[in-house]
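# Chain and residue survey
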Amino acid sequence: AQTVTQSQPEMSVQEAETVTLSCTYDTSESDYYLFWYKQPPSRQMILVIRQEAYKQQNATENRFSVNFQKAAKSFSLKISDSQLGDAAMYFCAYSVGVTQGGSEKLVFGKGTKLTVNP
Amino acid sequence: DTAVSQTPKYLVTQMGNDKSIKCEQNLGHDTMYWYKQDSKKFLKIMFSYNNKELIINETVPNRFSPKSPDKAHLNLHINSLELGDSAVYFCASSQGTGWTGPRGYGYTFGSGTRLTVV
């Protein structure tokens with residue numbers, strides 16, 4: 001079964017600095033998808049970035065980028081120029097294909113709480 | 001326009017009661033989901049429906065019954081509520097279609113329903 005591990009329950013960063021959140025996963029698939037979601041205090045789950053495993057190029061969305069190491073099964077999130085609004089829980093997720101019906105099951109890690117200090 | 005809307009946002013009820021949470025999406029997605037987020041913020045899938053058909057039914061007590069009257073709606077009914085049911089329940093949708101379905105789009109989440117059983 002696919003599992004997702006986030007080894008850092010909490011992280012903190014100074015405003016304008018860079019922080020990296022770690023995620024590792026376990027799978028026997030060769031083609032899959034990975035995601036980072038952000039959950040601010042408002043509770044809304046927001047998609048931050050996605051990565052397709054067959055693409056070697058690391059995904060980037062503005063200040064957010066990933067370091068995808070397929071052989072190591074590692075998928076870390078780098079936040080550059082951290083802002084106060086980046087403070088949230090961050091969840092790493094793996095997409096498990098369901099063989100019937102076209103469902104896509106996301107398996108989530110336990111999350112990392114990011115604090116941004118002014 | 002809200003893409004995935006859940007009602008109510010907050011629900012406080014006594015043990016033993018029956019309650020429902022409603023979810024609607026206006027994205028035209030074929031697949032909808034219910035996830036439970038416990039007090040430690042861990043997200044776990046409960047159910048998924050593809051075009052009104054139940055696809056995923058994880059190990060969930062029989063007291064939980066999803067109903068999908070059409071592909072834009074997925075409601076969750078809970079009978080005989082227990083203290084342990086207190087959690088945040090998220091509805092989500094994705095673009096999965098067809099037998100094998102496309103993967104990798106991730107989910108669009110609703111804003112969650114905080115259920116408190118007293």
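Note: the structure precedes this text.
Here goes a summary of the coordinates provided. Computed from a predicted structure; not experimentally measured.

Counting residues at the interface gives 37 residues for chain B, matched by 29 residues for chain A. Carbon and sulfur atoms make up 50% of the area that chain B and chain A hide from each other, which totals about 2500 Å². Glu58(B) serves as the salt-bridge partner of Lys105(A), at 3.3 Å between the closest nitrogen and oxygen. At the boundary of chain B with chain A, the tally comes to ten residue pairs in polar contact (both at pLDDT 80 or more). Among the secondary structure elements, those contributing two or more residues to the side of chain B that touches chain A are strand S4 (31-37), strand S5 (43-50), strand S6 (53-57), strand S9 (87-94) and strand S11 (113-117) of chain B. Class assignment for the residues of the side of chain B that touches chain A results in 14 nonpolar, 16 polar and seven charged.

Under the counting rule described, the total for this entry stands at nine salt bridges over all chains. A salt bridge links Lys71(B) to Asp30(B); its shortest N-O distance comes to 2.7 Å. You can see Lys71(B) sitting in the loop between strand S7 (64-70) and strand S8 (73-78) and its partner Asp30(B) sitting in the loop between strand S3 (19-25) and S4, a full 41 residues away along the chain. Residue Asp30(B) is classed as buried on the basis of its relative accessible area of 15%. One connected set of salt bridges, linked through shared partners, spans Arg50(A), Glu52(A) and Lys55(A).

Cut-offs used in this document
- Residues numbered from 1 in each chain as written.
- Chains lettered and ligands numbered in written order.
- Predicted model: local features only at pLDDT ≥ 70, side-chain atom pairs only at ≥ 80, totals over all residues.
- Heavy atoms only, no water.
- Contact = heavy atoms within 4.5 Å.
- Buried area = accessible area lost by both parts, 1.4 Å probe.
- Salt bridge = Lys/Arg side-chain N within 4 Å of Asp/Glu carboxyl O.
- Polar contact = N/O pair within 3.5 Å; in protein donor to acceptor, adjacent residues only side chain to side chain.
- Helix = DSSP H or I, 4+ residues; strand = E, 2+ residues; numbered from the N terminus.
- Nonpolar A, V, L, I, M, F, W, Y, C, P; charged D, E, K, R; others polar.
- Buried < 20%, exposed > 50% of the residue type's maximum accessible area, 1.4 Å probe, protein only.

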